[in-house]
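Descriptive structure summary
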Amino acid sequence: MTQTTETPMVELKGVKKRFGDLEVLKGIDLRVDRGRIISIIGPSGSGKSTLLRSVNNLEVIDEGQILLDGVQVNRPDLKGLAFEKHINHIRQNMGMVFQHFNLFPHLSTLENVTLAPRKLKGVSTSIARELGMELLERVGLADKAQVYPSALSGGQKQRVAIARALAMQPKVMLFDEATSALDPELVEEVNRVMKGLAEEHMTMLIVTHEMAFARDVSDWAMFMDGGVVVEANTPEHLFSHPDQERTQHFLRKHLGTQG
Ligand SMILES: Nc1ncnc2c1ncn2[C@@H]1O[C@H](COP(=O)(O)OP(=O)(O)OP(=O)(O)O)[C@@H](O)[C@H]1O
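Residues numbered from 1 in each chain as written. Predicted model: local features only at pLDDT ≥ 70, side-chain atom pairs only at ≥ 80, totals over all residues. Heavy atoms only, no water.

Per an unreviewed UniProt entry, the recorded name for the protein chain is Polar amino acid transport system ATP-binding protein, and the organism is Halomonas fontilapidosi.

Next comes the structure, spelled out in structure tokens:
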């Protein structure tokens, strides 16, 4: 990707992570400029989720550096409350969407969206509701504001989860297989919302098994295998004529059915 002198929105330098004897990330470098969309693809177990979860410190890395807009996320020098304060501040700037929506079942759709701005940012209830309704409108669910999650389809739940993540007005959105748990007919409605964010130049890191979506939506695509970045390039290049045999083999298997 063309490098600019601008501070990257997200930067990883030599990131390593192990679980016991298993080294899952073996020194990852990545630079994501403002407004860019990066998709991360690769076989199951290659470390994609661990990488994404490390970005907002849901996994604590063993070595290397992660920076958000120039501010170091991992801070092994900070302990206890000082670290809690630091990481809470960082997380306010990152929206994360998981495979399983993790909505609060006892809160309405609108309350799910307004909770974090009210509790973490001290936004007044009326302003939070106004913003919440705008976001529900944006994901096409304004008419479901008063409904509880149990009455929503998987695709609708995921769209609420996206609205909830956007409510903190994050600098970057992280998507960890956001459509993997959905029935095929519900995938498109979530993809549409993600494409809308891409058009608005939201910075996004997307871990996905959907090759066609990754090819269409991202500015840069990264193929991981065995905890390393095997190959990274524009989606046009990576998906059409990958340089590495491992990438070719993976895409032959996956694009054959989805492209
Ligand atoms: N908390 C954990 N404790 C121990 N091992 C873990 C933990 N989380 C992940 N792993 C292991 O780390 C490796 C990478 O997992 P990760 O979930 O990052 O892969 P992935 O590429 O996202 O896979 P998938 O596409 O199946 O989600 C796997 O071998 C997994 O079993």
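Examining the overall build of the protein chain
For the protein chain, the count of helices and strands is 9 helices and 10 strands. For the protein chain, the C-alpha radius of gyration of 18 Å lies close to 18 Å, the compact-globule estimate for 259 residues. Taken along the three principal axes of its C-alpha coordinates, the protein chain extends 55 × 45 × 40 Å. Long-range pairs, those at least 24 residues apart, make up 66% of the contacts in the protein chain with a sequence separation of at least 6. (Helix = DSSP H or I, 4+ residues; strand = E, 2+ residues; numbered from the N terminus. Rg over C-alpha atoms; globule rule 2.2 N^0.38 Å. Contact = heavy atoms within 4.5 Å.)

Re helix α1 (residues 48-55)
Most of α1 is tucked away: 6 of the 8 residues are buried. One or two steps after α1, the chain reaches Asn57, where phi turns positive at roughly 70°. (Buried < 20%, exposed > 50% of the residue type's maximum accessible area, 1.4 Å probe, protein only.)

A short note on the sheet that holds strand β8 (residues 203-207)
The strand order across the open sheet built from 6 strands is β6-β7-β8-β3-β9-β10, with neighbouring strands paired in mixed fashion. The open sheet has two edge strands, β6 (94-97) and β10 (228-233), and neither has a second partner. Recorded for the sheet is a direction-independent mean angle of 15° between the axes of neighbouring strands. Pairing of strand β9 (residues 220-225) with β10, which is carried by 5 bridges, proceeds in the antiparallel orientation. Within β10, the residue paired with Met224 across the bridge is Val229. Across the sheet, helix α6 (residues 184-199) lies against β3 (37-41), β7 (172-176) and β8, angled at about 145° from β8, the strand it touches most. (Pairing = 2+ DSSP bridges. Axes fitted to C-alpha atoms, helices over the stretch in contact; angles between N-to-C directions.)

Concerning the site of the ligand
Ser44, Gly45, Lys48, Ser49 and Thr50 are the nearest of the 13 residues found near the ligand. Within the contact set of the ligand, an oxygen atom lies 2.5 Å away from a side-chain nitrogen or oxygen of Ser44. With respect to the ligand, the side chain of His209 contributes an N or O atom lying 3.0 Å from an oxygen atom. If you list the elements that add at least two residues to the shell around the ligand, you get β2 (22-32) and α1. Of all the elements, α1 adds the most residues to the shell around the ligand, at 3 residues. In terms of residue class, the shell around the ligand is built from 4 nonpolar, 7 polar and 2 charged. (Near = heavy atom within 4 Å. Polar contact = N/O pair within 3.5 Å; in protein donor to acceptor, adjacent residues only side chain to side chain. Nonpolar A, V, L, I, M, F, W, Y, C, P; charged D, E, K, R; others polar.)

Quick notes on the packing of helix α5 (residues 154-166) against α6
At a minimum axis distance of 8 Å, the contact between α5 and α6 shows a crossing angle of 20°. One finds that α5 runs roughly parallel with respect to α6. The two elements α5 and α6 cross, and the hand of that crossing is right-handed. Residue-level contacts link Gly154, Gly155, Gln156, Gln158, Arg159, Ile162 and Leu166 of α5 to Leu186, Glu189, Val190, Val193, Met194 and Leu197 of α6. When its residues are assigned to classes, the contact of α5 with α6 shows 7 nonpolar, 4 polar and 2 charged. (Parallel < 35°, antiparallel > 145°, perpendicular 65-115°, else oblique. Left-handed = near helix turned anticlockwise from the far one by under 90°.)

Considerations on the confidence of the model for the protein chain
Chain-level pLDDT for the protein chain is 94 on average; 97% of the residues reach the 70-or-more range. Overall fold confidence for the complex sits at a pTM of 0.93, while the interface term, ipTM, reaches 0.97. (pLDDT = per-residue confidence, 0-100.)

Observations concerning unusual backbone geometry
Of note, the phi angle at Asn102 is positive, near 55°, even though the residue is not glycine. With respect to the helices and strands, Asn102 occurs in the loop between β6 and α3 (109-121). Asn102 gets classed as partly exposed once you look at its relative accessible area, which sits at 45%. Here His201, not a glycine, exhibits a phi torsion of approximately 65°, which is positive. Assignment of secondary structure puts His201 in the loop between α6 and β8. Take His201: its relative accessible area is 59%, and that puts it in the exposed class.

Points about the nonpolar core
The biggest cluster of nonpolar side chains holds 36 residues, and the ones touching the most others in it are Ile162, Met173, Phe175 and Met204. Counting residues per element, the ones that place at least two in this core are α3, α4 (125-138), α5, β7, α6, β8 and α7 (211-217). When residues in this core are grouped by element, the largest group, 7 residues, is from α6. Discounting chain neighbours no more than four positions away, the residues touching Met204 are Arg36, Ile37, Ile38, Met173, Phe175, Met194, Leu197 and Ala198. (Core = buried A, V, L, I, M, F, W, Y, C linked by side-chain atoms within 4.5 Å.)

Quick notes on the pattern of salt bridges
Tallying each qualifying case throughout the model produces 11 salt bridges. A salt bridge links Asp69 to Arg34; its shortest N-O distance comes to 2.9 Å. Linking Asp69 in the loop between β4 (63-68) and β5 (71-72) with Arg34 in the loop between β2 and β3, this pair joins segments that are 35 residues apart in sequence. Put simply, Asp69 and Lys171 hold a salt bridge, and the shortest N to O gap is 2.7 Å. Within this pair, whereas Asp69 is found in the loop between β4 and β5, its partner Lys171 is found in the loop between α5 and β7, the two being separated by 102 residues in sequence. What you see here is one network of salt bridges that share partners, running through Glu6, Arg34, Asp69 and Lys171. (Salt bridge = Lys/Arg side-chain N within 4 Å of Asp/Glu carboxyl O.)

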